[in-house]
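So the chains spell out like this:
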Amino acid sequence: MLASADRVLVLTGAGISAESGVPTFRGAQGLWNDLRPEELATPEAFRRDPRQVWEWYGWRRELVAACRPNPGHTALASWLDERASGACLATQNVDGLHTRAAEDLGAVADAGPDEWASEVSGTIPDTQRDHTGHRTILELHGSLFRARCTRCGWEGPHRDLVNAASRDTLPACRHCKGLLRPAVVWYGEMLPPRVVAAAFQWARSADAALVVGTSALVHPAASLPLETLYRGGTIVEVNVEPTELTDRAAVSLRGPAGTVLPLLLGMGETPRV
Ligand code: NAD
Ligand code: ZN
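Here is a short report on the structure shown in this document. (Residues numbered from 1 in each chain as written. Chains lettered and ligands numbered in written order. Predicted model: local features only at pLDDT ≥ 70, side-chain atom pairs only at ≥ 80, totals over all residues. Heavy atoms only, no water.)

1. Focus on the pairing of strand β1 (residues 8–12)
Alright, step 1. With five of its five residues buried, β1 lies for the most part within the structure.
Alright, step 2. By the alternation rule, side chains of β1 split into V8, V10 and T12 and L9 and L11, which are all buried.
Alright, step 3. Here β1 pairs with strand β2 (residues 87–91) via five bridges, running parallel. Looking at β2, one finds that L11 is bridged to A90.
Alright, step 4. Two elements, β1 and strand β7 (residues 208–212), share five bridges in a ladder whose sense is parallel. Residue pairing across strands places L11 opposite V211, the latter belonging to β7. (Buried < 20%, exposed > 50% of the residue type's maximum accessible area, 1.4 Å probe, protein only. Helix = DSSP H or I, 4+ residues; strand = E, 2+ residues; numbered from the N terminus. Pairing = 2+ DSSP bridges.)

The structure is reproduced here in structure tokens:
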């Protein structure tokens, strides 16, 4: 199904990073100073105490930086590279591991703009492009390694160590010196509209949706594969457990992404249409 599809939307969730050891919010490892994410990942928490919120994000960056992309990320990255303009990756993860997997492959930077990138140019901010400049990973919930200025709105990569010793040492905008905030979607906030619009545009025109490691409960991300389905496309799911989508999927492969994806995507040649 995937090989014969002209356009594939890939949607990933926390499950694809589980084998990399990225801590989940819920697990004991995900808790910080006994505070729940709901108490920290909100605009109110940041207004009240930006120092504490940045300290938490600094800690999360360190945890994730110590993790590596797993064979699932790697198989997906090289498959996306082979398919070029025939696939789009949208992720709910904020860990940046898809980008790192693409970087590890050393995909060439001068690959030129692909068909899809030009099709939606103007829709996606340039800052969302990966290092190759030619593939955009749609980070629906933002990234731990990006920041946005609370004053002038600048947004871009931000991988620096966070010094949360005091309010004065917090990350500042290099353009206007305003306070930066993590460019992640917090509770009660909207998803980045242009990124979501691009993902939906893809979902509606895709022949297949490959859904990996997501419980498919959090909307609007969970609606993406349904858009593909309603327009006559098929859903292929990879998950260790059944999900809300399982009954709608043409194929549901039960197993860890790090094992299933290399088998699924490494199989045979991807025909070019
Ligand atoms: P979720 O926690 O709701 O669901 C994870 C899914 O992955 C489950 O269906 C589970 O059965 C499956 N899974 C677990 N291990 C797997 C494996 N090895 N292979 C394949 N599937 C596996 O996650 P979600 O659907 O992404 O939604 C949760 C929300 O939490 C999102 O908003 C996301 O932004 C956020 N979050 C992100 C990260 C991250 O960036 N890595 C981590 C935790 C939470
Ligand atoms: Zn600024």
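2. What about the packing of aromatic side chains?
Alright, step 1. In this structure the tally under the stated criterion is three aromatic pairs.
Alright, step 2. Taking 6.3 Å as the distance between ring centres and 45° as the angle between the ring planes, the aromatic pair formed by Y57 and W186 counts as tilted. With Y57 in helix α4 (residues 50–65) and W186 in the loop between β6 (180–184) and α8 (193–205), this pair connects stretches of sequence that are 129 residues apart.
Alright, step 3. In this structure Y57 comes out as buried when scored by relative accessible area, which is 2%.
Alright, step 4. Three or more aromatic residues joined by ring pairs form one cluster here, namely F46, W56, Y57 and W186. (Phe/Tyr/Trp six-rings, centres within 6.5 Å; stacked < 30°, edge-to-face > 60°.)

3. Quick notes on the side chain of T42
Alright, step 1. Among the secondary structure elements, T42 is positioned in the loop between α2 (37–40) and α3 (43–48).
Alright, step 2. The exposure class assigned to T42 is buried, which follows from its relative accessible area of 11%.
Alright, step 3. Those residues in contact with T42 that sit more than four places away from it in its chain are W186 and Y187. (Contact = heavy atoms within 4.5 Å.)

4. So, the site of ligand 1
Alright, step 1. Around ligand 1 lies a shell of 21 residues, among which Q92, D95, T214, S215 and N239 are the nearest.
Alright, step 2. Contacts to ligand 1 include A14, whose backbone N or O atom sits 2.8 Å from an oxygen atom.
Alright, step 3. Between an oxygen atom of ligand 1 and a side-chain N or O atom of N239, the distance comes to 2.6 Å.
Alright, step 4. Look at ligand 1: alone it shows 860 Å² of surface, and the protein chains cover 80% of it.
Alright, step 5. Per-element tally for the shell around ligand 1: the top contributor is helix α1 (residues 15–18), with three residues.
Alright, step 6. Taken together, the residues of the shell around ligand 1 sort by class into seven nonpolar, 11 polar and three charged. (Near = heavy atom within 4 Å. Polar contact = N/O pair within 3.5 Å; in protein donor to acceptor, adjacent residues only side chain to side chain. Areas by Shrake-Rupley, 256 points an atom, 1.4 Å probe, with all protein chains shown as cover. Nonpolar A, V, L, I, M, F, W, Y, C, P; charged D, E, K, R; others polar.)

5. Some remarks on α8
Alright, step 1. Under the 1.5 Å per step criterion, the end-to-end length of α8 is 19 Å for 13 residues, consistent within 8% with the ideal 18 Å.
Alright, step 2. Listed as buried for α8 are V195, V196, A198, A199, F200, W202 and A203. (Expected span 1.5 Å × (residues − 1).)

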